Amino acid sequence: MVYDDGHRSVEALRDLSLAVARAEFVSLVGPSGCGKSTILHVIAGFIAPQSGTVTIDGKPVTGPGTDRGVVFQRHNLLPWKTVRENIALGLKMQNVPFEEQTRIADDWIARIGLRGFEESYPDELSEGMRQRVGLARAFATDPAVLLMDEPFASLDALTAIRMRELLVSIWERSAKVVLFVTHDIDEAILLSDRVIVLTDRPARVRKEVGIDLARPRSYERSLGGDAETVRRELRSLLLARSQGAED
Amino acid sequence: MRGAEPTAQRRRESWVWGSAAFAVLGVAWWGITAAGVFNERLVPPPVDVLRAFTEMLASGEWLHDLGSSLGRYGAGFALGNVLGVGLGVMTAHSRIARFTVGAILNFARSTPTILLIPVAMVWLGIGEAEKILVVTWGVLFPVWLNTHMGLAAVVKEYVWVAQSLGATKAQLYRHVYLPHTLLHIVTGARIAVSTGFFALAATEVVGAFSGIGFRAFFSYQIFRTDRMIVAILTLTSVAFVVDRLFVLVVRRVVPWWRHAQLEG
Amino acid sequence: MSTTGNIETRGAKHRAPRLWLIGLLVVLLIGAALWLVWRKPAETQLIRITYAMPETVAAIPAYVALERGYWAKEGLTVDAQMFSAGRLALDALLAKNAQVMSVSETPLVHAILQGNKIFIVATVTAHKEAKLIVRTDHGIHAPADLLGKKIATLPGTNSDFFMYRFLEANGISPREVKITNMAPPEMVTALVGGDIDGYFAWEPHIYYARERLPGATAVYPPGNLYSGRHCVAMNQDFVAQHPEVVAKLIRGFIQAERYVAEHPAEARAIVAKRTGMDDAALRELWPEYHVAVQFDREFAEILDTEARWAQGEQGSAAPIPRMLDFVYTKALREVRPASVSIGQ
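Residues numbered from 1 in each chain as written. Chains lettered and ligands numbered in written order. Predicted model: local features only at pLDDT ≥ 70, side-chain atom pairs only at ≥ 80, totals over all residues.

Draft legend 1. Layout of the overall build of chain B. Per the secondary structure count, chain B includes ten helices and zero strands. Overall, the C-alpha framework of chain B stretches about 70 × 55 × 30 Å when taken along its three principal axes. Per-residue burial over chain B gives 41% buried out of 264 residues. (Helix = DSSP H or I, 4+ residues; strand = E, 2+ residues; numbered from the N terminus. Buried ≥ 20, exposed ≤ 12 C-beta atoms within 10 Å, placed from the backbone.)

Draft legend 2. Structural view of the interface of chain B and chain A. Contacts between the two partners involve 21 residues from chain B and, on the opposite side, 24 residues from chain A. Broken down by secondary-structure element, the contributors of at least two residues to the side of chain B that touches chain A are helix H7 (156–164) and helix H8 (169–203) of chain B. Here the element with the most residues in the side of chain B that touches chain A is H7 of chain B; it accounts for six residues. Here the residues of the side of chain B that touches chain A sort into eleven nonpolar, eight polar and two charged. (Contact = placed C-beta atoms within 7 Å. Nonpolar A, V, L, I, M, F, W, Y, C, P; charged D, E, K, R; others polar.)

Draft legend 3. Fine view of the interface of chain B and chain C. Contacts between the two partners involve 22 residues from chain B, matched on the other side by 24 residues from chain C. Counting residues per element, the ones that place at least two in the side of chain B that touches chain C are helix H1 (8–35), helix H5 (113–124) and helix H9 (212–221) of chain B. Its residues placed into classes, the side of chain B that touches chain C shows 14 nonpolar, five polar and three charged.

Draft legend 4. Spotlight on the arrangement of the chains. Of all two pairs of chains in contact, the one with the most contacts involves chains B and C. Across all C-alpha pairs, the smallest distance from chain A to chain C is 16 Å, and the two are not in contact.

Draft legend 5. Region of interest: the domain arrangement of chain B. Per the domain assignment, the segments making up chain B are domain 1 (1–37) and domain 2 (44–261). Computed from C-alpha coordinates alone, the two centres of domain 1 of chain B and domain 2 of chain B are separated by 26 Å. (Domains from an automatic or database assignment.)

Draft legend 6. The arrangement of the environment of His180 of chain B in detail. By the secondary structure assignment, His180 of chain B is in helix H8. Considering only alpha carbons, one finds His180 of chain B and Pro46 of chain B, 134 residues apart in sequence, at a separation of 46 Å.

Draft legend 7. Expanded view of the nonpolar core. Ile60, Met101, Ile120, Val121, Ala233 and Ile250 of chain C are the most contacted members of the largest nonpolar core, which totals 154 residues. Excluding anything up to four places from it in sequence, Ile120 of chain C contacts Leu108, Cys231, Val232, Ala233, Phe326, Val327 and Tyr328 of chain C. In terms of nonpolar packing, the next biggest core, distinct from the first, is built from 72 residues, Trp80, Val177, Ile189 and Leu234 of chain A among them. (Core = buried A, V, L, I, M, F, W, Y, C linked by C-beta atoms within 7 Å.)

Draft legend 8. Fine view of the pairing of strand S3 (residues 25–29) of chain A. Residues and elements named next belong to chain A. Of all five residues that make up S3, five are buried, and the element is covered over most of its length. Alternating residues of S3 divide into Phe25, Ser27 and Val29 and Val26 and Leu28, and every residue in both groups is buried. The pairing of S3 with strand S8 (residues 177–182) spans five bridges and is parallel. What sits directly across from Leu28, in S8, is Val181. Pairing of S3 with strand S9 (residues 194–198), which is carried by four bridges, proceeds in the parallel orientation. The residue of S9 that forms the bridge with Val26 is Arg194. (Pairing = 2+ DSSP bridges.)

Draft legend 9. Representation of the packing of helix H2 (residues 83–93) of chain A against helix H3 (residues 98–111) of chain A in the model. Residue and element names in this part refer to chain A. Closest axis-to-axis distance for the H2/H3 pair is 9 Å, and the angle between their directions is 130°. Looking at the two axes, H2 sits oblique to H3. The handedness of the crossing between H2 and H3 comes out as right-handed. Contacts from Val83, Arg84, Ile87, Ala88, Leu91 and Lys92 of H2 reach H3 at Gln101, Thr102, Ile104, Ala105, Trp108 and Ile109. (Axes fitted to C-alpha atoms, helices over the stretch in contact; angles between N-to-C directions. Parallel < 35°, antiparallel > 145°, perpendicular 65-115°, else oblique. Left-handed = near helix turned anticlockwise from the far one by under 90°.)

Draft legend 10. Expanded view of the sheet that holds strand S4 (residues 118–127) of chain C. Residue and element names in this part refer to chain C. The six strands lie next to each other as S2-S1-S3-S10-S4-S11, forming an open sheet whose pairing is mixed. What marks the edges here is a single partner per strand, and that holds for strand S2 (77–83) and strand S11 (289–294). Within this sheet the neighbouring strands show an average axis-to-axis angle of 25°, counted without direction. Examined bridge by bridge, S4 and S11 share four bridges and lie antiparallel to one another. For His127, the partnering residue across the bridge sits in S11 and is Tyr289.

Draft legend 11. Local environment of the sheet that holds S3 of chain A. Residue and element names in this part refer to chain A. Taken in spatial order, the six strands of this open sheet run S6-S7-S8-S3-S9-S10, and their pairing is mixed. The open sheet has two free edges, formed respectively by strand S6 (68–71) and strand S10 (205–210), since each of these has just one partner strand. Neighbouring strand axes in the sheet, compared pairwise and without regard to direction, differ in orientation by 15° on average.

Draft legend 12. A look at the pairing of strand S5 (residues 130–135) of chain C. Residue and element names in this part refer to chain C. Burial analysis of S5 places six of its six residues in the buried class, the great majority of the element. Residue alternation in S5 divides its side chains into two sets, Ala130, Leu132 and Val134 and Lys131, Ile133 and Arg135, and both sets are buried. In the sheet, S5 pairs with strand S8 (residues 198–202) via five bridges, with the strands oriented antiparallel. Within S8, the residue paired with Ile133 across the bridge is Tyr199. Here S5 runs beside strand S9 (residues 217–220); their pairing, made up of four bridges, is antiparallel. Looking across to S9, one finds that Ile133 is bridged to Val219.

Draft legend 13. Here's a closer look at the environment of Lys176 of chain A. As for its position among the elements, Lys176 of chain A is in the loop between helix H5 (157–172) and S8. Here the alpha-carbon distance between Lys176 of chain A and Val145 of chain A, two residues 31 residues apart in the chain, equals 5.7 Å.

Draft legend 14. Up close: the domain arrangement of chain C. Residue and element names in this part refer to chain C. Domains assigned within chain C are domain 1 (48–126 + 229–339) and domain 2 (130–220). If you average the C-alpha positions of domain 1 and of domain 2, the two centres end up 26 Å apart. Counting residues at the interface gives 15 residues for domain 1 and nine residues for domain 2. Only helix H5 (105–113), helix H12 (279–285) and helix H13 (297–314) provide two or more residues apiece to the side of domain 1 that touches domain 2. With four residues, the single largest contributor to the side of domain 1 that touches domain 2 is H5. A breakdown of the residues in the side of domain 1 that touches domain 2 according to their chemical character gives six nonpolar, three polar and six charged.

Draft legend 15. Spatial organisation of the packing of helix H7 (residues 184–193) of chain C against helix H8 (residues 205–212) of chain C. All names here are of chain C. Orientation of H7 relative to H8, taken along the N-to-C sense of each, is 20°, at an axis distance of 9 Å. Between H7 and H8, the angle falls in the class roughly parallel. The crossing of H7 and H8 is right-handed. Counted together, Pro184, Pro185, Met187, Val188, Leu191 and Val192 of H7 and His205, Tyr208, Ala209 and Arg212 of H8 form the full contact between these two elements. Here the contact of H7 with H8 is built from residues that sort into eight nonpolar, one polar and one charged.

Draft legend 16. Layout of the confidence of the model for chain C. Residue and element names in this part refer to chain C. Considering every residue of chain C, the mean pLDDT works out to 90; 92% of them sit at 70 or more. Of the regions scoring below 50 in pLDDT, residues 1–12 engages in five contacts with residues more than four places distant in sequence or in other chains. Interface confidence for the predicted complex, expressed as ipTM, amounts to 0.85; the pTM equals 0.75. (pLDDT = per-residue confidence, 0-100.)

Have a look at this one:
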């Protein structure tokens, strides 16, 4: 998968080129406001780039599609639908038979540990529970690519830890590409195969850093000494303020 | 908990306090008339009004007027809501519509309905159609405005989520736009309940043969202030009842509307 | 929206009753303040009054007296407040926002029947301004053709009384005609637009419709069926406290009466200025209005006839009061006794 990007009138991005391989978990890390969310929106098809193209498996992206699922930081769930209805939404819109919808949705509800909450509305759930449902919703339609925009950033530390473990366990059993935007280095190290560090706006790739930790990942290992070098490198890359030609 | 169902105790409380408030008003009314603060002919005591009411009820006049008014109101309210929502969808989703139709609607909505009656007469005559359309005029603006604002304020993440799940335009409307906006539309419709009644009263003063507004005007002209007040209070009470029914129906038909307030 | 109730913290329970009390006190204070403001000021030595004046041709002498300063010469300052309808001017008097007003006799009869304590202190214009106008092109060529047609009237007015007399005289029951209500300006629009087939109103609203539908209308004047008076009315308690004001008003009216007789063209100009009517209309209607400050015998009959009709209209069971009890002849009798032919 390859994509090239031009710049918008706000100059959010400039001459950005990324390539992501199949079944790879890639994090996009960068300072606040550098445009990492914008990249995601462009790939998702919500915004059209002024110049450049996005292709998936060689096919260009012209708008949102079921091959790319999204998880946002908030507002993932439609407030007027129950947990089950939210998870099944994509299936319903693709005319999957009702029993099948229910089966898949309930299966996911169990996997995210929310059994008993099938008929609950989002405003009856905690933030962490909502994000769990949001993950399930995105995964339920089995898209090839998952785009996540700081999905755990507004959760408290403990909940976020549990969410990351949940995400890792779900993803490692699938063959999906995940593009994960975050500002949290530790999170990136825990989750990803590769971390792309971006510069300040207009964003360009500053450096791509591979994470060579073995899978399945665990918190202990990601916090341990093996990861120390890569952590230091990422930290220094992020803290250095430079205009950003590639190192 | 936002939007929580009022507990039984709360509901009892609101009934008790509400009745007390109205009782105080009633006593104040009696007190003011007893003290002769205003001309008794212009502000009759509650007893006179009650007597007039029983007369009007016994002669069948009251029910007849109520029927006429409710008929006009019902048709106008329905039409006004349909038009309001339709126009709101149009102006919210089409830039051209917003700049043309939207601009005209925005300008027109500040016109007090009562001043438009003579104009309405010229174009529409003085029959039932004219009355229904005047009510429609009174109803459509709050509904249009709220529909438009609601649609314009749609949380874009909801739209994006639905789009990434493969929603067509129609599915977007069904699953995102309309439910999201429904709360706004309902708010607009509730406002329209009373503006509709104002319009009704204004139009029944010209060229009607029956109706609550007609009765108020007629009674005023022949100096039966007591009957006039009966008519006015009837109108207010009907508006109140319609509003309450409205809330009940919405709660039943749209059980999730309470949950549409989620912010986070 | 369901009332989302108040969020009461524990501590607030103690504060809540206090706040409630303060709120009540504030409301009471505001109420008292408003009452003080609205209460009419004690009437002592008064040389300034408010005249609630309707915009109607029959009020000729009032406009002339005001414009020519006849009341000012009597030492009485009159602030005229114009009202588009006589009924509204009457409301102002009854609410004590004005001390004197004038209008055709019919609204006054209705008001008296409902127990309002007013005096008619003079009649200043005699007229037959209530008329019926119909559209001949809607097939109305004789009174009998009114059956089943849509006719407009404004209840409680002199033309409404004329309608009663007209239908009775022509053997038509009100139920045989579709009677609808609206104010005269709307009647003109409705007739021109064809939404009604005819209406009962007073001038110049007949004139306006005739002008807009040349050749398509016929006008039925009242003949013997109706005769009207533009009456000057005041609240009884004010008359009792300030009889001298009544005398000054009447003297001013009498001077206006003279001026109208001697300078009709100028008088018309004054009326045109006050009402916005054009000179052509006024010139045509002028002969129908006889300005005379008087209490004539026919007036007593008019009051009695209209009172009987009004009682039926109002649907009240109370007995009709003696109408002459509401006519204050004393002032006019003192100023010009020859003009008074009724009562004591």
